[in-house]
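Fold and contact review
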Amino acid sequence: MELTHSDVKAAAARVAGQIRPVAVAQADHTGELWFALEFLQHTGSFKARGALNFLLTHRENGTLPRVGVTIASGGNAGLACAWAARSQGIPATVFLPTTAPRVKVDRLISYGADVRLVGTQYADALAASREFADATGALLSHAYDNPLIAAGAGTLMTEIHARIPDLDAVVVAVGGGGLFAGVATAADHYGVRTVAVEPARCRALHAAIAAGQVVDVEVDSVAADSLGARRATELALTAAQRYDVTSVLVEDDAIIAARRALWARHRLAVEHAAATALAAIRGDEPAFRPAPGERVCVVLCGANTDPADLAATRHAD
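Not measured: the values here are computed from a predicted model. (Residues numbered from 1 in each chain as written. Predicted model: local features only at pLDDT ≥ 70, side-chain atom pairs only at ≥ 80, totals over all residues. Heavy atoms only, no water.)

1. Digging into the environment of Ile 160
Filter applied, for reference: In DSSP terms, a helix is any run of H or I states spanning at least four residues, a strand is any run of E spanning at least two, and both are numbered starting from the N terminus. Here's how the labels work: a residue is buried when its accessible area is under 20% of the maximum for its type, exposed when over 50%, partly exposed in between, all with a 1.4 Å probe on protein chains only. What makes two residues a contact is simply this: any of their non-hydrogen atoms within 4.5 Å.
Examined against the element boundaries, Ile 160 turns out to sit in helix H6 (residues 147-163). The exposure class of Ile 160 is buried, given its relative accessible area of 0%. It is 9.9 Å that separates the C-alpha atoms of Ile 160 and Val 183, two residues lying 23 residues apart in sequence. Residue contacts for Ile 160: discarding those within four places in its chain leaves Val 22, Ala 36, Leu 167, Cys 297 and Val 299.

Set out below in structure tokens:
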């Protein structure tokens with residue numbers, strides 16, 4: 001599989017007017033740090049872009065079955081799939097691990113999805129969704145490993161560039177790599193470096209880069225509900241090898257601190273996956289240190305979280 005900027009451009013035209021254009025906000029007084037507020041997207045994450053592009057393409061091609069679509073998800077991709085399916089008037093059956101946050105399960109039900117909890121990890125839900133598709137004829141979607149999904153996600157970078165044309169680097173959290181592959185493909189077109197950030201104990205892309213091929217990794221992080229892919233996609237690895245990409249790791253403590261800082265300083269309640277991107281540039285020894293004068297945009301990719309633990313936060317490091 002290959003992903004090109006033409007794919008991202010086609011996706012942008014396809015979903016135009018049906019997704020919320022990203023808002024960007026200056027994060028400090030220097031004008032060098034920006035936030036892309038993608039958690040304001042439909043369903044609370046960037047995933048709506050890819051899900052809609054996927055279903056609209058199948059509708060255009062006459063391959064969208066009446067029995068609907070099925071997907072396995074840690075939560076956000078399922079929400080996006082259910083939302084997009086409802087917009088197209090077809091059913092969505094979503095398989096989640098039993099560890100999925102209750103807030104995501106409840107929202108899935110609110111979108112009319114048939115929610116099925118299976119196993120304890122994403123891989124368990126994925127196997128169940130494949131079996132369901134084989135048995136029923138439902139269209140099998142994927143949380144990230146599909147060029148249509150990745151191209152849809154890449155439309156985010158197209159919009160970021162339109163709003164910050166002199167951007168030097170974009171910082172994104174990486175799970176399986178759909179957002180990363182799409183963003184890196186579009187970013188390269190605009191001459192923007194992509195910084196890929198993963199939890200130290202959910203390092204699917206980082207490990208793939210080191211090995212020169214996709215490999216299985218252990219999954220154990222506070223951000224695993226969104227970033228807990230066991231392996232990165234070939235699309236993501238190809239993007240990392242082909243484009244100007246920096247891959248870094250952050251510890252869970254840094255992710256938690258970044259999430260609390262976003263609330264304490266900016267009153268932004270995001271999930272740990274979104275905070276993972278910011279964690280890379282914080283602290284005395286950041287995982288990624290921008291060069292002096294570089295303009296950097298951190299993608300805050302999702303907010304499907306329970307903010308109860310933020311209410312008591314008074315200070316952040």
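2. Some words on the pattern of salt bridges
Quick reminder of the rule: Every case where a carboxyl oxygen of Asp or Glu lies within 4 Å of a side-chain nitrogen of Lys or Arg is listed as a salt bridge.
Per the stated rule, a full pass over the model turns up 12 salt bridges. The salt bridge involving Arg 49 is made with Glu 38; its shortest N-O contact spans 2.7 Å. Of this pair, Arg 49 sits in helix H2 (residues 47-61) while Glu 38 sits in the loop between strand S2 (33-36) and H2, placing them 11 residues apart in sequence. Given the relative accessible area of 0%, Arg 49 is considered buried. The closest approach of N and O atoms between Asp 220 and Arg 201, which form a salt bridge, is 3.7 Å. In this pair, Asp 220 sits in the loop between helix H8 (204-211) and helix H9 (224-227) while Arg 201 sits in the loop between strand S8 (193-199) and H8, placing the two residues 19 residues apart along the sequence.

3. Considerations on the UniProt feature "domain: Tryptophan synthase beta chain-like PALP" (unreviewed entry) in the chain
Condition: UniProt positions are given in the numbering used here, feature names are shortened, and annotations may be inferred rather than shown by experiment.
The positions that UniProt labels "domain: Tryptophan synthase beta chain-like PALP" (unreviewed entry) are, in the present scheme, residues 28-302. With 45% helix and 15% strand, the stretch residues 28-302 has end C-alpha atoms that lie 21 Å from each other.

4. Let's talk about the packing of helix H11 (residues 252-266) against helix H12 (residues 272-279)
Applied cut-off: Note on method: axes are straight lines fitted to C-alpha atoms, helices fitted across the in-contact stretch only, with angles between N-to-C directions ranging 0 to 180 degrees. With respect to orientation, any angle under 35 degrees is reported as roughly parallel, any angle over 145 as roughly antiparallel, any angle of 65 to 115 as roughly perpendicular, and every other angle as oblique. Each residue is assigned to one of three groups, with Ala, Val, Leu, Ile, Met, Phe, Trp, Tyr, Cys and Pro labelled nonpolar, Asp, Glu, Lys and Arg labelled charged, and all others, Gly among them, labelled polar.
Relative orientation of the contacting elements H11 and H12 amounts to 100°, with a least axis distance of 8 Å. Taken together, the axis directions place H11 and H12 in an arrangement best described as roughly perpendicular. Taking contact as the criterion, the partners of Ala 254, Ile 255, Ile 256, Ala 258, Arg 259 and Leu 262 in H11 are, on H12, His 272, Ala 275, Thr 276, Leu 278 and Ala 279. Of the residues that constitute the contact of H11 with H12, the class distribution is 8 nonpolar, 2 polar and 1 charged.

5. A short note on the sheet that holds S8
Strand pairing in a sheet takes place through backbone hydrogen bonds and is either antiparallel or parallel in direction. We count it as follows: Here, a strand pair is defined by DSSP locating no fewer than two bridges between the strands.
Reading across the sheet, the 6 strands line up as S1-S2-S10-S7-S8-S9 and stay open at both edges, with mixed pairing between neighbours. Where the open sheet ends on each side, the last strands, each with one partner, are strand S1 (24-26) and strand S9 (245-250). Each strand of the sheet is rotated relative to its neighbour by a mean of 25°, with strand direction disregarded. Examined bridge by bridge, strand S7 (residues 169-173) and S8 share 5 bridges and lie parallel to one another. Residue Val 172 lies in a different strand from S8, and its bridge partner there is Ala 196. Against the sheet, H6 makes contact with S1, S2, S7 and strand S10 (296-299), and its axis sits at roughly 145° relative to S10, the strand it touches most.

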